[in-house]
Amino acid sequence: MSQDHKVEQSLEKKQTSREEEIRLNDYPESYVRVVNYYETDQMHVVHHSNYARYLEEARLHMMDQIGLAYDKLERMGIIIPVLELHDYYIKSIGYGDIIEIVPRIIKLSSVRFTLKYNIYRSGTDELLHKAETSHAFLDSEFKPISLKRKFPEIYDTFLKLVVKDDGQ
């Protein structure tokens, strides 16, 4: 068996195990994107300011998949601002890299929630970046709302996605 064939099989196994993990948790699929040249700095690595965009793209993708698109929520009078953002840089990401972002809801209360994100080199288990964001549920006047009381069906949708934080 050639070395290239072994590498391909290994990548397929790693991808399959992560896909099974996602399915087991009834989670939507991860978000995959290609890093653009304009997102890199003079050292040819992703500029730190772009990670917030990547996380938002992954969060919006996840919410679209569970039927809670941001525009739908906004029409209902629900806005979800970012309260906190924490980034943990593990390995450099560069132009042309294909990355896979796996968001997970790790905390939920009636007025806020927290997501953890792992960014992998697509098709591998190579962890490149970790992050966490916290968000509030507000009405259109920027006042906190109890999602559990005012929109229980939306709260229940989020609740089904909460996973235990394994520290990864």
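A brief structural summary. Predicted model, so just to flag it, every value in this text is computed and none were measured.

Cut-offs and rules
- Residues numbered from 1 in each chain as written.
- Predicted model: local features only at pLDDT ≥ 70, side-chain atom pairs only at ≥ 80, totals over all residues.
- Heavy atoms only, no water.
- Phe/Tyr/Trp six-rings, centres within 6.5 Å; stacked < 30°, edge-to-face > 60°.
- Helix = DSSP H or I, 4+ residues; strand = E, 2+ residues; numbered from the N terminus.
- Buried < 20%, exposed > 50% of the residue type's maximum accessible area, 1.4 Å probe, protein only.
- Pairing = 2+ DSSP bridges.
- Contact = heavy atoms within 4.5 Å.

Below, the discussion takes up the packing of aromatic side chains. Any pair of aromatic rings gets described here by the distance separating the centres and the angle formed by the planes. One pass over the full model with this rule turns up six aromatic pairs. A centroid spacing of 5.1 Å and a plane angle of 85° characterise the contact between Tyr51 and Tyr89, whose relative ring orientation is edge-to-face. A residue pair is termed long-range when its members are at least 10 positions apart, and Tyr51 in helix α2 (residues 50-65) and Tyr89 in strand β2 (residues 82-89) qualify at 38 residues. Take Tyr89: its relative accessible area is 47%, and that puts it in the partly exposed class.

A few words on unusual backbone geometry. Even without being glycine, His44 reaches a positive phi, approximately 70°. Tracing the backbone shows His44 in the loop between β1 (31-34) and α2. For Phe142, which is not glycine, the phi torsion reads 65° and is therefore positive. Summarising the element assignment, Phe142 is placed in the loop between β5 (127-136) and α4 (147-150).

Burial analysis of strand β3 (residues 98-108) places nine of its eleven residues in the buried class, which makes it a mostly covered element. The pairing of β1 with β3 spans four bridges and is antiparallel. Note that in β3 the partner of Val32 across the bridge is Glu100. The pairing of β3 with strand β4 (residues 112-121) spans nine bridges and is antiparallel. Directly across from Ile105, in β4, lies its bridge partner Leu115. Here β3 hands over to β4 after three residues, the two strands then running antiparallel side by side.

Attention now goes to the environment of Tyr70. Looking at the secondary structure, you find Tyr70 in helix α3 (residues 70-75). A residue is classified by how much of its surface remains accessible, and Tyr70, at 15% relative accessible area, is buried. Each C-alpha atom, one on Tyr70 and one on Arg59, is 9.8 Å from the other, the two residues being eleven residues apart in sequence. For Tyr70, the residues in contact, after removing those within four places along its chain, are Arg59, Leu60, Met63, Asp64 and Ile80.

In terms of residue burial, β4 counts as a mostly covered element, since eight of its ten residues are buried. With nine bridges connecting them, β4 and β5 associate as antiparallel partners. From the neighbouring strand, Leu115 faces β5, where its bridge partner is Thr133. In this antiparallel pair of consecutive strands, β4 and β5, the connection spans five residues, and Gly123 shows a positive phi of 85°.

By themselves, these figures tell us nothing about what the structure is for.
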